[in-house]
Amino acid sequence: MKNTNKKYIALDKFIDKALYNKKSGFYMKKNPIGKNGDFITSPNISILFNEMIAIWVVSFWEYLKCPKKINLIDMGGGNGEMVYQMLKTFNSFPLFKNSCKTYIFEKSPLLKKLQKEKLKTFNISWLKNLKNIKKYPTLYLANEFFDALPVKQFLRKKKSWLERYVKVENNNYQYCHLNFDIKRLESKIGINISKNQKFIEFSPLQFQYLREIAKTIKKNNGGLLIIDYGNKKNFMKDTIQSVYNHKKNELFNNVGDSDITHHINFNLISEIANNFKLKCSNIITQSKFLINLGILKRAEIISKNLSFSKKANIYYRLKRLIDKNQMGELFKVILLTKTNTFFNKGFESD
Ligand SMILES: C[S@@+](CC[C@H](N)C(=O)[O-])C[C@H]1O[C@@H](n2cnc3c(N)ncnc32)[C@H](O)[C@@H]1O
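Conventions and cut-offs
- The written sequence of each chain sets the order in which its residues are numbered from 1.
- Whole-chain, interface and lining totals are the exception, using all residues; otherwise, since this is a predicted model, local features are given only for residues with pLDDT of at least 70 and side-chain atom pairs are given and counted only at 80 or more.
- Processing note: side-chain calculations cover all non-hydrogen atoms of the structure and skip hydrogens and water entirely.
- Labels follow the DSSP assignment, with helices taken as runs of H or I lasting at least four residues and strands as runs of E lasting at least two, numbered in each case from the N terminus.
- Each residue's exposure class comes from its accessible area (1.4 Å probe, protein chains only) as a fraction of the maximum for that residue type: buried when under 20%, exposed when over 50%, partly exposed otherwise.
- What makes a nonpolar core is a set of buried Ala, Val, Leu, Ile, Met, Phe, Trp, Tyr and Cys residues whose side-chain atoms join them at distances within 4.5 Å.
- Between two residues, a contact is recorded if the distance between any of their heavy atoms is within 4.5 Å.
- Nearness here has a simple test: a residue counts as near a molecule or strand if at least one of its heavy atoms is within 4 Å of that partner.
- Within 3.5 Å is the distance limit for a polar contact, defined as a pair of N or O atoms, with the added protein rule that one can donate a hydrogen and the other accept it, and that residues adjacent in sequence qualify only through two side-chain atoms.
- Using the Shrake-Rupley algorithm and a 1.4 Å probe, accessible areas are obtained, with residue cover drawn only from the displayed protein chains.

Asker: What should I look at first to understand unusual backbone geometry in this one?
Answerer: A negative phi holds for most residues other than glycine; trans holds for most peptide bonds. Here Glu-144, not a glycine, exhibits a phi torsion of approximately 50°, which is positive. Within the secondary structure, Glu-144 sits in the loop between strand E5 (138–143) and strand E6 (152–157). Look at Glu-144 and you get buried, because its relative accessible area is 19%. Located in the positive-phi region is Lys-277, a residue other than glycine, with phi close to 65°. Structurally, Lys-277 can be placed in the loop between helix H10 (266–275) and strand E15 (279–280).

Asker: What is the right way to look at the nonpolar core in this model?
Answerer: As a rule of thumb, nonpolar side chains are buried together in soluble globular proteins. In this structure, Trp-56, Val-57, Leu-225 and Phe-289 are the most contacted members of the largest nonpolar core, which totals 46 residues. The leading source of residues in this core is helix H4 (residues 47–63), at 10 residues. Not counting residues up to four positions away in its chain, the partners in contact with Trp-56 are Leu-139, Leu-141, Leu-225, Phe-289, Leu-293, Leu-335, Phe-343, Lys-345 and Phe-347. Ile-73, Phe-145, Leu-149 and Ile-226 belong to the second-largest nonpolar core, a separate cluster that totals 41 residues.

Asker: Please clarify how the site of the ligand should be interpreted in this entry.
Answerer: Surrounding the ligand, one finds 21 residues, the nearest of these being Tyr-20, Thr-41, Gly-76, Glu-106 and Asn-143. Contact between the ligand and Gly-78: an oxygen atom at 3.0 Å from a main-chain N or O atom of the residue. The contact in question runs from an oxygen atom of the ligand to an N or O atom on the side chain of Glu-106, over 2.6 Å. Protein chains shield 98% of the accessible area of the ligand, which is 590 Å² for the free molecule. Put simply, the parts of the chain that give the shell around the ligand at least two residues each are helix H3 (42–45) and helix H9 (204–220).

Asker: I'm lost on the side chain of Ser-287 in this one. Help?
Answerer: Structurally, the position occupied by Ser-287 is in helix H11 (residues 286–292). Once residues lying within four places of it in the same chain are set aside, the contact partners of Ser-287 are Ile-322 and Gly-328.

Shown next as structure tokens:
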């Protein structure tokens, strides 16, 4: 990342530049996702993941009584694999397929180009602005989207609060802290976010997207399914992680070449969504969600009559998705809908 004239940059602006600067941002200059990339996401681990999400989407549409038109929006399309596999699955549901208009909401021009190439045989569109969705029930899918958005951090100092900034000097970075009026933020977001906290992590962009999505869901019907690395603890802490070449990295090293993420605070998402008068499902682990949707049965079906090595490969990938020491419990799922929606497929508890 280039030095800038500004000496102090708010932490979220620093992360935004590191990830999304047009020239030097991590997501803007190469495809970081997949076997040869910096990280791999569930849609790229196993086709079973995409099939389960596709079935879930079709079930939601059936719950809505099969509307003739429905929008499906993939938030942050990555390398396009999830949409690609889902659209293939939709071939088995022709009525749904004919009713569904698929969009990808993607910031990186490079990833958009990759997605366009991969999906060129399908009839889908790219959404420039979430506000461009004007009508029809709309389902938003956010797999590892929110954890890639920039966050702000605030620290309590006795009775007042400080905002974390990055001091930039000759391409050297250092944290510094400036006074912050937390009450102003609290009145803007309508949440008493500092209550019982010594530390706050908050993404203004996440808040903005939730607000826009909530507006559309309340007006048109639909839902937002969030699947992400995160926790449901009430007590906030610093969850920012930087990874360079598959290894943990100091935030200020390899800026622009490292993946910077944070853990989603699912409780805060629920609180924000409730404030927007949306209904929140229970927060469930990825493992439970996928098992509820029938991933084990599907693995059994597709591995029937396959050679031992192919079968082993399917189960190895399945294990990555649902094992509690891998993605199974670290990843959580939540669904936000209108208050009069009673759809809980995938969220059933025992
Ligand atoms: C961690 S990747 C996840 C990709 C994909 N959902 C998957 O699971 O493979 C995050 C994606 O969100 C995109 N993204 C990040 N911030 C965005 C924003 N503000 N608007 C649209 N897309 C964004 C990134 O470019 C990338 O495609």
